[in-house]
Amino acid sequence: MMPALQEHPLALTPLGSVIAVEASATIQDVVQLFNKHSILSCPVYRGSQDDNDFIGIVNVFHVVGKMMDSFAHDGSIPEVDEDALDESQESFTACFDALPSEYSSQPVGDLPLDPFEPVEEGCSLATMIQRMANHKLKRVPIVNADNKLVNFVSQSLVIRQLAADPSLLGSLGDQTLEAVCGGQPQALQQMSAERKVTEAFELLRENHISAVPVVDPITEQFVGEINVRQAYYISIASNKMRLLSMSCRDFIAFVNRKQKWDMAADVLQVDQSATMAHVLPRLAAAHQRRVYVCNEARLPERVVSLQDLLAAIAAHA
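### Regarding the packing of aromatic side chains
Consideration 1: For the structure shown, the criterion picks out five aromatic pairs.
Consideration 2: When the ring of phenylalanine 34 is compared with that of tyrosine 232, the centres are 6.5 Å apart and the planes differ by 70 degrees; the resulting orientation is edge-to-face. Taken together, the residues span a long stretch of sequence, with phenylalanine 34 in helix 2 (residues 27-37) and tyrosine 232 in helix 9 (residues 228-235) at a distance of 198 residues.
Consideration 3: Its relative accessible area of 1% is what places phenylalanine 34 among the buried residues.

### Considering helix 6 (residues 155-164)
Consideration 1: With seven of ten residues buried, helix 6 is to be regarded as a mostly interior element.
Consideration 2: If you check which residues of helix 6 are buried, you get Gln155, Leu157, Val158, Ile159, Gln161, Leu162 and Ala163.
Consideration 3: On its buried face, helix 6 sits against helix 1 (3-7), helix 5 (125-135), strand 6 (149-154), helix 12 (276-286) and helix 13 (306-316).

### Points about the pairing of strand 11 (residues 290-294)
Consideration 1: In terms of residue burial, strand 11 counts as a mostly covered element, since five of its five residues are buried.
Consideration 2: Residues of strand 11 alternate between two faces, with Arg290, Tyr292 and Cys294 on one and Val291 and Val293 on the opposite face, all of them buried.
Consideration 3: Two strands pair when backbone bridges link them, and strand 10 (residues 269-271) and strand 11 are joined in this way by three bridges, in the parallel orientation. Counterpart to glutamine 269 in the pairing with strand 11 is tyrosine 292.
Consideration 4: Judged from the five bridges that link them, strand 11 and strand 12 (residues 300-305) form a sheet pairing that is antiparallel. Pairing of valine 291 across the sheet is with valine 304, part of strand 12.
Consideration 5: Between the end of strand 11 and the start of strand 12, which pair antiparallel, lie five residues, with arginine 298 showing a positive phi angle near 65 degrees.

### Digging into the pairing of strand 3 (residues 54-59)
Consideration 1: Most of strand 3 sits out of view: five of its six residues are buried.
Consideration 2: By the bridge criterion, five bridges tie strand 2 (residues 41-45) to strand 3 in an arrangement that is antiparallel. Residue proline 43 lies in a different strand from strand 3, and its bridge partner there is isoleucine 57.

### A word on the nonpolar core
Inside soluble globular proteins, nonpolar side chains tend to come together where they are buried.
Consideration 1: Ranked by internal contacts, the top residues of the largest apolar core, which has 47 residues, are Val21, Val31, Val58, Val63, Ile226 and Tyr232.
Consideration 2: Of all the elements in the fold, those that place two or more residues in this core are helix 2, strand 2, helix 3 (60-71), helix 8 (197-207), strand 8 (211-215), helix 9, helix 10 (240-244) and helix 11 (248-257).
Consideration 3: Residues Leu5, Leu162, Leu283 and Val293 belong to the second largest nonpolar core, which totals 43 residues.

Reading guide: rules and limits
Numbering of residues starts from 1 in every chain and runs along the sequence as written. For a predicted model such as this one, the threshold for reporting local features is a pLDDT of at least 70, and the threshold for listing and counting side-chain atom pairs is 80 or more; totals across whole chains, interfaces and linings nevertheless cover every residue. To obtain the side-chain values, all non-hydrogen atoms of the structure were included, while hydrogens and water were left out. Only centres within 6.5 Å qualify two rings of Phe, Tyr or Trp (six-membered ring in Trp) as a pair; their planes then separate them into stacked at under 30 degrees, edge-to-face at over 60, and tilted for everything else. In this text, helices come from DSSP runs of H or I with a minimum length of four residues, and strands from runs of E with a minimum of two, each type numbered from the N-terminal end. Remark: exposure states derive from per-residue accessible area (1.4 Å probe, protein chains only) relative to the maximum for the residue type, with buried under 20%, exposed over 50%, and partly exposed in between. Contact definition: two residues touch when any of their heavy atoms are within 4.5 Å. Only strands that DSSP links by at least two bridges are regarded as paired with each other. Definition used in this section: a nonpolar core is a set of buried Ala, Val, Leu, Ile, Met, Phe, Trp, Tyr and Cys residues joined via side-chain atoms within 4.5 Å.

Below is the structure:
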């Protein structure tokens, strides 16, 4: 039990308004909204946002499926600036005309949305963690006493608050990730650094995973990570073919030079002795969504996501 967690209020930064989208808006409208506001998810409502008739939450994972499908077929990928000079290819410019054609007509309300499961303003940190864990939610809406949507909380925000005060975890903070998350690690999907980016995205699509570590084929050490967020950014890039035809190694080097992409391809690695109190601050500082646990040879053995961590904390709260 962690009584401190039960009593600790969830800290929120007040928002002037919460970005949301009407269910009849097209997927292309949503992608443009994400790009304009630098967000990766938002609530979906019917009618007027003031009516509080929210039907779910759309996130970037809902819209990248068709994008990654198109990546598997070169002929279906529009290349808007194929004649551009190499120097301009190093830039990133959003190009919504190159999205899959059905995005301009399919309503976002037709997608399989995440559930809209709000908590009340002023709730405890423990309540938020339980809500995220029980419903496997990456983001949770906050409503006030009038049931009006006033905020939107991510897993990353919760991790940052836990990292700021590890004492909230009680004795759980001294336990290793291995002990807290339990169970035998599943086979870890990996991608050779010399394979093409398109092959990495195909691996994500086939295995329904959000990220895959990229390793050097000789040393088996980490080079970086290919993830769904990168698939989203490539989908609205004008120079898709150049990016998709890169080796994973070259693409990761490219991504890590592009600070504005907000999707650095570095990975967070810890050894098997790493404790919760040690890992959470590192996750928060690195703005990472997963951590890879390595053996004594520094080879990756398992991946632990923010969802895994919050589920483990909820089970002990």
